[in-house]
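Breakdown of the fold
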Amino acid sequence: MLVLLGFAMIAVFMVLIMTKKLTPVLALIIVPTIFGLFAGAGLGIGSMVMDSMKSMTSTAALLMFAIVYFGLMIDVGLFDPLVKFILRKLGNDPAKVVLGTAILAAAVSLDGDGSTTFILTTAAMLPVYLRLKMSPVVLTCVAGLANGTMNILPWGGPTARAATALKVDVNDVFVPMVPSLIAGLVVVFVFSWLLGLQERNRLRATAPEIWGDVADAGDVFDGGTHRGGTGTRGGSGVVVLERTETLVDLADTGLTATALDPHRKTLRPKLFWFNLGLTVAVMVMLVANLVPLPYVFMVGSAIALLVNFPKVREQGAQLVAHAPSIVAVVSMVMAAAVLTGVLNGTGMVKEMSAWLVHIIPAEMGPFMAVITGLLSIPMTFFMSNDAFYFGVLPVLSETAAHYGISGAEMARASITGQPFHLQSPLVPAILLLVSLAKVELGDHHKKVLWRTAVISVVMLAVGMLTGAIGIG
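All figures in this text were calculated on a predicted structure; none of them were measured in a lab.

**Quick notes on the overall build of the chain**
The helix and strand tally for the chain stands at 23 helices and three strands. Counting only contacts in the chain whose residues sit at least 6 apart along the sequence, the fraction spanning at least 24 positions is 76%. Approximately 19,500 Å² of the chain is accessible, and the part contributed by carbon and sulfur atoms is 68%.

What follows is the structure in structure tokens.
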């Protein structure tokens, strides 16, 4: 019964948010509560949720003050020069912008922290997407793909957990999976380019005004030359544009009275170098991990507010301005505690894991590594990495040992589901990403889930081809 209720709860939750019948916050609260009561939790469900929520408080504080800090930096114009630089380097071609987003997210993911990756990627690229009228969902999708794929790095967490759970050396797990990681990144970049091409075609049809009156809507995507509002025609008869900075200025005119208004009152150009130095210091503290991350952003936000907006009224106005984003992400983190509390408190996770292990036929034993890789895709989505790697993987590995499959091979197979895992609503970093980009979680899932599943399968297949994941 618990197995049935557990899978049904996950399915109902996903359907409700993807069809937009409920907001993620309401779905995270209502659906687990109903299923938890059916599972016999009774009045004890409150204690389950509170125990789970205790572990969420530091995450909620981190996300809250990270939003305040980077929202403030966007308001004061810290990232405006970076946006124009990116536009000049990438041009105004959405395909190049999306591919650039994937490369940036993959590079920043080298630090092993999803929250940092999404903060930096969103801060750098979201203004570009908004100026070019590109969909922020594409940004969250591409960032999620890149970070999820890079999450198998030894210092990222899952690989270390798998190695620890099965008592094998972490290098023995990761190094043979490097070809799989490279293959996964190639698929990420292919998906990114295709998404960029889709955005290019959409903008040709729906947003010609962003390119001014220099040419027809599609001409801007063809590279080339443009001078003083006129174009030159190539042999194909297509108007070719030259100076992207002209187009950047034209794009600015469509952002009046928005958070990216080039004439907004919150701009602080004289404090640019101070704000840059403060942001670099915050990033160094994030990577060094010398003090808790929530405290880093608390202090950073306080200093930034005090220096940029010395008047109490201005400080209050800034906090109020970013309140909607704060409420959205913090409420979602707190609501996620209901889902995790019910899953763990009622024993659903444990029973679901045991059921999956027991339904594997004996004749499938030699394929346990492959089966583990496939199971890691959905299982790490609806349970924490700790629950999967320390609760489920050892049981699967013990069974696989009877067929000559080593613990290292099982560990390698188990990390191939990480691209999919990173999109779970139980992962705070993904909640931060969609909140910073002001994207609905359901919209993000529609675009990202099947793509991450493909990447996971490709990584598993390459692992099999290279011998990193064997068959007993």
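**Digging into the side chain of R412**
Position of R412 relative to the elements: it lies in helix α20 (residues 407-414). There is no salt bridge for the buried R412, and the closest opposite charge comes from E409, which lies 5.2 Å off by N-O distance. Side-chain polar atoms of R412 contact the backbone oxygen of D172, separated by 2.9 Å. Residue contacts for R412: discarding those within four places in its chain leaves D172, V173, P176, M177, A468 and I469.

**Considerations on the environment of A143**
Structurally, A143 is set in helix α8 (residues 136-150). Residues A143 and L104, spaced 39 residues apart in sequence, show a C-alpha to C-alpha distance of 8.5 Å.

**Some remarks on a nonpolar patch on the surface**
Where nonpolar side chains cluster on the molecular surface, the patch consists of F274, Y295, M298, V299, I303, L306 and V307 and spans about 570 Å² of accessible area. It is helix α14 (residues 293-308) that provides the largest number of residues to the nonpolar patch, a total of six residues. Of note, F274 is situated in helix α13 (residues 272-288).

**Details of α8**
End to end, α8 covers 21 Å across 15 residues, agreeing with the expected 21 Å (1.5 Å per residue, within 8%). Burial of α8 is extensive: 15 of the 15 residues sit out of reach of the surface.

**Topic: the packing of aromatic side chains**
The relation between two aromatic rings is expressed through the spacing of the ring centres and the mutual angle of the planes. Tallied over the entire structure, the rule returns four aromatic pairs. Measuring from ring centre to ring centre gives 5.5 Å for F191 and W450, while their planes differ by 80°; the resulting arrangement is edge-to-face. Pair noted here: F191 is in helix α11 (residues 178-206) and W450 is in helix α23 (residues 441-465), with a separation of 259 residues, a long-range link. Aromatic pair F381 and F420: ring centres 5.2 Å apart, planes at 55°, arrangement tilted. One end of the pair, F381, is in helix α18 (residues 368-382); the other, F420, is in helix α21 (residues 418-421), with 39 residues separating them in the sequence. Judged by relative accessible area, F420 falls into the buried class, the value being 12%. Above the ring of F191, the side-chain terminus of R451 is found at 5.7 Å from the ring centroid.

Reading the values: the criteria
Residues numbered from 1 in each chain as written. Predicted model: local features only at pLDDT ≥ 70, side-chain atom pairs only at ≥ 80, totals over all residues. Heavy atoms only, no water. Helix = DSSP H or I, 4+ residues; strand = E, 2+ residues; numbered from the N terminus. Contact = heavy atoms within 4.5 Å. Areas by Shrake-Rupley, 256 points an atom, 1.4 Å probe, with all protein chains shown as cover. Buried < 20%, exposed > 50% of the residue type's maximum accessible area, 1.4 Å probe, protein only. Lys, Arg positive; Asp, Glu negative; His and termini not counted. Salt bridge = Lys/Arg side-chain N within 4 Å of Asp/Glu carboxyl O. Polar contact = N/O pair within 3.5 Å; in protein donor to acceptor, adjacent residues only side chain to side chain. Patch = residues over 30% accessible without salt bridge, like charges linked within 9 Å, V, L, I, M, F, W, Y side chains within 5 Å. Expected span 1.5 Å × (residues − 1). Phe/Tyr/Trp six-rings, centres within 6.5 Å; stacked < 30°, edge-to-face > 60°. Lys NZ or Arg CZ within 6 Å of the ring centre and 35° of its normal.

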